[in-house]
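# A look at the structure
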Amino acid sequence: MIHARGNVLGIIMFIVGGVIAGVGGFVFKLGDATVMIMVGTALFLMDLIIRLRVRNQKGWLMSKLLGGYFFFVPVWILGVIVIVVNTLNGLGILS
């Protein structure tokens, strides 16, 4: 088990997201929106699973000490943003 917290854990999560994007885009030739929705879902789930393991502690959902962070934003929030933006892009709303 990797004992990382905060920004280090957030960067590790983004590296995993990059691997997912590479495999989805280059190996399976999926569309950009589809790949990025998968990356956002992975970021969201990775961070939330780690945080759910310590949910009995105060501030578990937003605490910098209990999950992944990227600068000052929890990774699960970035995952939701990636999902929403790419869903809108895939539907052609942002085009």
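Look up: the structure comes first, before these words.
Structure report, in brief.

## Here we look at the packing of helix H1 (residues 6–27) against helix H2 (residues 32–52)
A packed helix pair is summarised by two numbers, namely the angle formed by the two axes and the spacing between the axes. Between H1 and H2, the least distance of the axes is 9 Å, while the angle of their chain directions is 150°. As far as their axial angle goes, H2 and H1 are roughly antiparallel. In this structure, the crossing between H1 and H2 has a hand that is right-handed. Facing Leu9, Met13, Phe14, Val16, Gly17, Ile20, Ala21, Gly24 and Gly25 of H1, the residues of H2 in contact are Val35, Met38, Val39, Ala42, Leu43, Met46, Asp47 and Ile50. Within the contact of H1 with H2, the residues separate by chemical class into 13 nonpolar, three polar and one charged.

## Some words on the nonpolar core
Core analysis: the biggest nonpolar cluster contains seven residues, these being Ala4, Leu9, Met13, Val35, Val39, Leu43 and Val75. For this core, the secondary structure elements donating two or more residues are H1 and H2. The biggest single contributor to this core is H2, with three residues. Not counting the four nearest positions on each side in its chain, leucine 9 is found in contact with Ala4, Ile50, Gly67 and Gly68.

Conventions we followed
- Residues numbered from 1 in each chain as written.
- Predicted model: local features only at pLDDT ≥ 70, side-chain atom pairs only at ≥ 80, totals over all residues.
- Heavy atoms only, no water.
- Axes fitted to C-alpha atoms, helices over the stretch in contact; angles between N-to-C directions.
- Helix = DSSP H or I, 4+ residues; strand = E, 2+ residues; numbered from the N terminus.
- Parallel < 35°, antiparallel > 145°, perpendicular 65-115°, else oblique.
- Left-handed = near helix turned anticlockwise from the far one by under 90°.
- Contact = heavy atoms within 4.5 Å.
- Nonpolar A, V, L, I, M, F, W, Y, C, P; charged D, E, K, R; others polar.
- Core = buried A, V, L, I, M, F, W, Y, C linked by side-chain atoms within 4.5 Å.
- Buried < 20%, exposed > 50% of the residue type's maximum accessible area, 1.4 Å probe, protein only.

Purely geometric numbers; function is a separate question.
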